[in-house]
Amino acid sequence: MGWAIALHGGAGDISLSLPPERRLPREACLRHCLQLGVDALKSKKSPLDVVELVVRELENNPHFNAGRGSVLTSNGTVEMEACIMDGNTMKCGAVSGLTTVVNAISLARLVMERTPHIYLGFDGAEAFAREHGVETLDASHFVTPENIERLKQAKEANRVQIDYTQPMQKNGKDTATANGDSQIGTVGCVAVDNDGNLAAATSTGGLVNKMVGRIGDTPIIGAGTYANSLCAVSATGTGEAIIRGTVARDVAALMEFKGLSLEEAAACIVKERVPKGNVGLVAVSATGEVTMPFNTTGMFRACATEDGHSEIAIWPSMKD
Ligand code: ASP
């Protein structure tokens, strides 16, 4: 059995002409985070520590939709959410509605380790963060000029679509894709060590122009995030579709009840359970397999395994 790690920086409608100033910093961050995770696994850190470490680093990068860089609600505010799960113990922690917490993923871990509960949201989660001396910053810190612009474009697209006096947009699509990457950028990481211990972590700002109070798939155990003794999964895409498809848990269920391999199980869920254009995931198995399928145009992703395979990619590769 070998160690393996995979991470993502969001799936969605990523234009092939994504400008270099938007592509290169993300690729560089994926590369850096992959190396960080590989080094940590090699130095025998637990998969739980590894996924938290990597997701914190991704949250700190404003090019992704998590932490600073989170997309905005319809009110122009940030409501971050995150989830972490340890496959060994099946312990998990989740948070939603965070407005000031710098690393939502670490707060999710504290919920897992320091409370009798699994999931805290909004004022209660913020109060819990303060009680535990977790790093917080003024809510304005998390709002970037790029996301103010994304929100403006998303609102404009909605307005045009319901204004029947205006001609329909050519493709009827969200003009927030004008920058070539819409709201893409939810982050996640899964890892397995040489003993087959697994962990998963996911963190996000959610969907641009979401209703205030909306909760997506990311913090929902079994939807956006899941780990057990067979595999660890972190999903990205349209939260509502991922929740309906119980995406992360069903990858594990197909392995458990139908005896599918990790790759077969993940491909089946992505192809058959969630409408095209809505989901991507990264997953590793207890035996060190890794898979990163998506049915969107692209997914920012990276992986490495002990046997020397390593990959950083955005669009489908030749074998997909
Ligand atoms: N799944 C996230 C959500 O719906 C968004 C994403 O992955 O891009 O909140």
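Residues numbered from 1 in each chain as written. Predicted model: local features only at pLDDT ≥ 70, side-chain atom pairs only at ≥ 80, totals over all residues. Heavy atoms only, no water.

**Q** Please explain the nonpolar core as it appears in this structure.
**A** Membership of the largest hydrophobic core comes to 57 residues, with the highest contact counts inside it found for Ile5, Leu7, Leu58 and Leu107. Formed by 40 residues, the second largest nonpolar core is a distinct cluster that contains Ala248, Met255, Val282 and Met299. (Core = buried A, V, L, I, M, F, W, Y, C linked by side-chain atoms within 4.5 Å. Buried < 20%, exposed > 50% of the residue type's maximum accessible area, 1.4 Å probe, protein only.)

**Q** Would you explain the UniProt feature "active site" (unreviewed entry) in the protein chain in this entry?
**A** UniProt records the feature "active site" (unreviewed entry) at Thr186, using the numbering of this structure. Its location among the elements puts Thr186 in the loop between helix 5 (145-162) and strand 5 (187-192). A relative accessible area of 10% means that Thr186 is categorised as buried. Apart from residues lying up to four places away in sequence, Thr186 is in contact with His8, Gly9, Gly10, Asn65, Thr202, Ser203, Thr204, Thr218, Ala235 and Thr236. (UniProt positions renumbered as here; feature names shortened; annotations may be inferred. Helix = DSSP H or I, 4+ residues; strand = E, 2+ residues; numbered from the N terminus. Contact = heavy atoms within 4.5 Å.)

**Q** Any chance you could explain the site of the ligand here in plain terms?
**A** Around the ligand, a shell composed of Thr186, Gly206, Leu207, Arg214, Asp217, Thr236, Gly237 and Gly239 is seen. With the chains in place, 99% of the 270 Å² that the ligand exposes on its own is no longer accessible. Class assignment of the residues belonging to the shell around the ligand gives a composition of one nonpolar, five polar and two charged. (Near = heavy atom within 4 Å. Areas by Shrake-Rupley, 256 points an atom, 1.4 Å probe, with all protein chains shown as cover. Nonpolar A, V, L, I, M, F, W, Y, C, P; charged D, E, K, R; others polar.)

**Q** Just checking my understanding: could you explain the sheet that holds strand 10 (residues 290-291) for this structure?
**A** Strands belonging to one sheet form pairs held by backbone hydrogen bonds; the direction of such a pair is parallel or antiparallel. The strand order across the open sheet built from four strands is 7-8-9-10, with neighbouring strands paired in antiparallel fashion. In the strand order of this sheet, the two ends are held by strand 7 (225-227) and strand 10, each with one partner. In the packing of helix 7 (residues 247-258) onto the sheet, contacts are made with strand 7, strand 8 (231-237) and strand 9 (279-285), and the angle to strand 8 comes to roughly 145°. Contacting strand 8, strand 9 and strand 10, helix 8 (residues 262-272) crosses the sheet at an angle of about 165° to strand 9. (Pairing = 2+ DSSP bridges. Axes fitted to C-alpha atoms, helices over the stretch in contact; angles between N-to-C directions.)

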